[in-house]
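Notes for the structure review
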2 protein chains.
Amino acid sequence: MDRSEQTDRAGTFLDLHHAPEILVLPNVWDPLGARLLEELGFPAVATASAAVAFSLGYDDGQRIRVSTMVEVVRRIAGAVSVPVTADLEAGYAVEPETVAANVREVLRAGAVGINLEDSVTEGGELHAIELQCARIRAVRAMAVEEDVPLVINARTDVFLRKEGGPRAARVTEAIERGHAYVEAGADCFYPITVGDLPTLTEIRAAVGGPLNVLATVSAASAPELEAAGVARLSFGPGLIRASITAMKNAVESLRRTGSYESFTRGTLTSDEIRAWVRDTPEP
Amino acid sequence: MDRSEQTDRAGTFLDLHHAPEILVLPNVWDPLGARLLEELGFPAVATASAAVAFSLGYDDGQRIRVSTMVEVVRRIAGAVSVPVTADLEAGYAVEPETVAANVREVLRAGAVGINLEDSVTEGGELHAIELQCARIRAVRAMAVEEDVPLVINARTDVFLRKEGGPRAARVTEAIERGHAYVEAGADCFYPITVGDLPTLTEIRAAVGGPLNVLATVSAASAPELEAAGVARLSFGPGLIRASITAMKNAVESLRRTGSYESFTRGTLTSDEIRAWVRDTPEP
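Right, let's walk through the structure included here. (Residues numbered from 1 in each chain as written. Chains lettered and ligands numbered in written order. Predicted model: local features only at pLDDT ≥ 70, side-chain atom pairs only at ≥ 80, totals over all residues. Heavy atoms only, no water.)

Any two packed helices are characterised by the angle at which their axes cross and by the distance between the axes. Residues and elements named next belong to chain B. The N-to-C vectors of helix α5 (residues 96-108) and helix α6 (residues 129-146) enclose an angle of 40°; their axes lie 8 Å apart at closest approach. Relative to α6, α5 is oriented oblique. As α5 runs across α6, the sense of the crossing is right-handed. Between α5 and α6, the contacting residues are Pro96, Glu97, Val99, Ala100, Val103, Arg104, Leu107 and Arg108 on the first element and Leu131, Ala134, Arg135, Ala138, Val139, Met142, Ala143, Glu145 and Glu146 on the second. For the contact of α5 with α6, the class distribution of residues is 11 nonpolar, no polar and 6 charged. (Axes fitted to C-alpha atoms, helices over the stretch in contact; angles between N-to-C directions. Helix = DSSP H or I, 4+ residues; strand = E, 2+ residues; numbered from the N terminus. Parallel < 35°, antiparallel > 145°, perpendicular 65-115°, else oblique. Left-handed = near helix turned anticlockwise from the far one by under 90°. Contact = heavy atoms within 4.5 Å. Nonpolar A, V, L, I, M, F, W, Y, C, P; charged D, E, K, R; others polar.)

Below, the structure written as structure tokens:
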């Protein structure tokens, strides 16, 4: 991707965090999903690391190679004209310079945003605040070097931690981390699993930057979140769950009835899908 | 993949073409889809070239690079323990030796079966029978060299050709081609779009080898095809149509209602999907 085009996409993506409308990101894992969202008018596309890993036959949690994730991001960013943000888990490294080097590859693959978590391992300990801030600062410095206003969505896993103490203490820690991450250069703060309006309102007021909410069964609805000033809403592996469930249902219906209706009736046709993809040869 | 393991998978796959039960292949395009089918007890997994191309943001018709298709097949074959057969369109070449070289890469990536079409371009002219037989012979000779009993599913596009004359003449040509392709070394014959029992019975009796049928709206049901002695049933892009439609419906429902139910209610959980995939690092 041309660098000025990428800078434009990054600026557009950052602006979407400061618009009155909530930025809705039903995360995808391949170019076709990205094209679907673009066709439906979504102004940006996000990946979900779990969805990318699952689709390739691996569990989430930095099990696929960084180079594999970079190639997936490259294909997705090359398939759409809207900004693409990549979920990079914990940066596939501990050391700030290594994290920044990994994010540089993803940026050069065409992404204009990233998610970066503070878990050492999901559900377990978190990086010390100072280390996580150093990781964010290193990524920001790299993006400045590359001259792309990369949108950094800093996720805290305070609420995922199994040994994390009572909720009030977690809210306090989340606020401390959110404030520090924004100071270190994050553009958005993501206290994953927090979806209730009182806690979100408290965190938002204290952190002072845009918030990302994960759509869960217990989270407030999209209109409620928008009214509360939440900047963006993402779905993690929600879409891949819907997709693989539809595939399972189609196959089980075939087995039960011998009929092909679940593959053909009420589904998009091949020609409709074809209209969303390129008819030129892969370079 | 270990060569003796691959030879075993190829033998198992060939046997499935001669079993009383019809071999049902709801074609997939990624490792997760392949794992889904394996978990549901399917004895083999097939790719659909259109689904692979669509998922990567390209139209079908040999637009993606051979090397890209080889990598997709490698990931799928490495993710399951059942035989994997790869849809290779027209072999990504015209000359028999180049087709055989391309198929060699796919075989070395772990596939134990292939689809090979006789179209020059889909809907247009077909390769002359003698050339298509030479292409099949070259693939068979390569597989003998590699010492893997590769299962060749030879597809004729007689019924896809726009300028193809009346149906009776097409049936005659299909029979001629099917007979010649089996003589040249094909294990299965695939007269794509033929799904009615009288024509299938006529072709089967004349060709003398296993037949592959595409599941279309107008095709006979799976139990009817099995009773008529059809060996295998495939779905082309049927599953990706079901998948992308479910994704579109989920996103549109979200927009309409602001609720996340379509991503979470009645869908497989992340933990259920996680149980199907590897928790080891990608090598």
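Our focus in this paragraph is the relation of the copies chain A and chain B. With an RMSD of 0.0 Å, the operation that places chain A on chain B is a rotation of 180° combined with a shift of 0.0 Å along the axis. Taken together, the rotation angle and the small translation identify this as a two-fold axis. Distance from the rotation axis, computed per C-alpha, reaches its smallest value in chain A at Ser243 of chain A: 2.4 Å. Mapped onto chain B, 100% of the interface residues of chain A again fall at the interface, so both copies present the same surface. (Least-squares fit on C-alpha atoms with pLDDT ≥ 70 in both.)

This paragraph deals with the packing of aromatic side chains. Applying the stated criterion across every chain, the model contains 6 aromatic pairs over all chains. Between the aromatic rings of Phe263 of chain A and Phe235 of chain B, the centroid separation amounts to 4.5 Å while the plane-to-plane angle is 35°, which identifies the pairing as tilted. Of the two residues, Phe263 of chain A is situated in helix α11 (residues 261-264) and Phe235 of chain B in the loop between β8 (232-234) and α10 (238-257); the pairing between them involves two chains. Phe235 of chain B carries the same exposure label as Phe263 of chain A, and that label is buried. An angle of 70° between the planes, with centres 6.2 Å apart, marks the rings of Tyr181 of chain B and Phe189 of chain B as edge-to-face. Among the aromatic residues, those joined into a cluster by ring pairs are Phe235 of chain A together with Tyr260 and Phe263 of chain B. The residue whose ring lies beneath Arg255 of chain A is Phe42 of chain B, and the NZ or CZ to ring-centre distance is 4.3 Å. (Phe/Tyr/Trp six-rings, centres within 6.5 Å; stacked < 30°, edge-to-face > 60°. Buried < 20%, exposed > 50% of the residue type's maximum accessible area, 1.4 Å probe, protein only. Lys NZ or Arg CZ within 6 Å of the ring centre and 35° of its normal.)

Attention now moves to the pattern of salt bridges. Applying the stated criterion across every chain yields a total of 47 salt bridges over all chains. Note that Arg140 of chain A is salt-bridged to Asp187 of chain A, the shortest N-O span being 2.7 Å. Of this pair, Arg140 of chain A sits in helix α6 (residues 129-146) while Asp187 of chain A sits in the loop between α7 (167-184) and β6 (188-191); the two residues are 47 residues apart in sequence, bridging distant segments of the chain. On the basis of relative accessibility, which here comes to 18%, the residue Asp187 of chain A falls in the buried class. Where Arg104 of chain B meets Glu146 of chain B, a salt bridge forms, and the shortest distance between an N and an O atom there is 2.7 Å. With Arg104 of chain B in helix α5 and Glu146 of chain B in helix α6, the pair connects residues that are 42 residues apart, well separated along the chain. The exposure class of Glu146 of chain B is buried, given its relative accessible area of 9%. Within the structure, one salt-bridge network assembled from shared partners comprises Arg3, Arg104, Arg108, Glu145 and Glu146 of chain A. (Salt bridge = Lys/Arg side-chain N within 4 Å of Asp/Glu carboxyl O.)

Between helix α10 (residues 238-257) of chain A and helix α2 (residues 31-39) of chain B, the shortest axis-to-axis distance is 11 Å and the interhelical angle comes to 40°. By the angle between their axes, α10 of chain A is oblique relative to α2 of chain B. Pair α10 of chain A / α2 of chain B crosses with right-handed handedness. Side by side, α10 of chain A and α2 of chain B meet where Ile240, Ile244, Met247, Lys248 and Val251 of chain A of the first sit next to Leu32, Gly33, Leu36 and Leu37 of chain B of the second. Partitioning the contact of α10 of chain A with α2 of chain B into residue classes produces 7 nonpolar, 1 polar and 1 charged.

Here the focus is α6 of chain A. All names here are of chain A. Over its 18 residues, α6 extends 26 Å from the first C-alpha to the last, a length consistent with the 26 Å expected when each residue adds 1.5 Å. Those residues of α6 not exposed but buried are Ile129, Gln132, Cys133, Arg135, Ile136, Ala138, Val139, Arg140, Met142, Ala143 and Glu146. Looking one or two residues beyond α6, the residue adopting positive phi is Asp147, at roughly 65°. (Expected span 1.5 Å × (residues − 1).)

Attention shifts here to the environment of Gly195 of chain B. Residue and element names in this part refer to chain B. For Gly195, the location among the structural elements is in the loop between β6 (188-191) and α8 (197-207). Note on Gly195: relative accessible area 6%, which makes it buried. Linking Gly195 and Val158, residues 37 residues apart in sequence, is a C-alpha distance of 14 Å. Residues within four places of Gly195 in sequence aside, it is in contact with Leu200, Val213, Ala219, Ala220 and Leu225.

So yeah, pure geometry; function would need other evidence.
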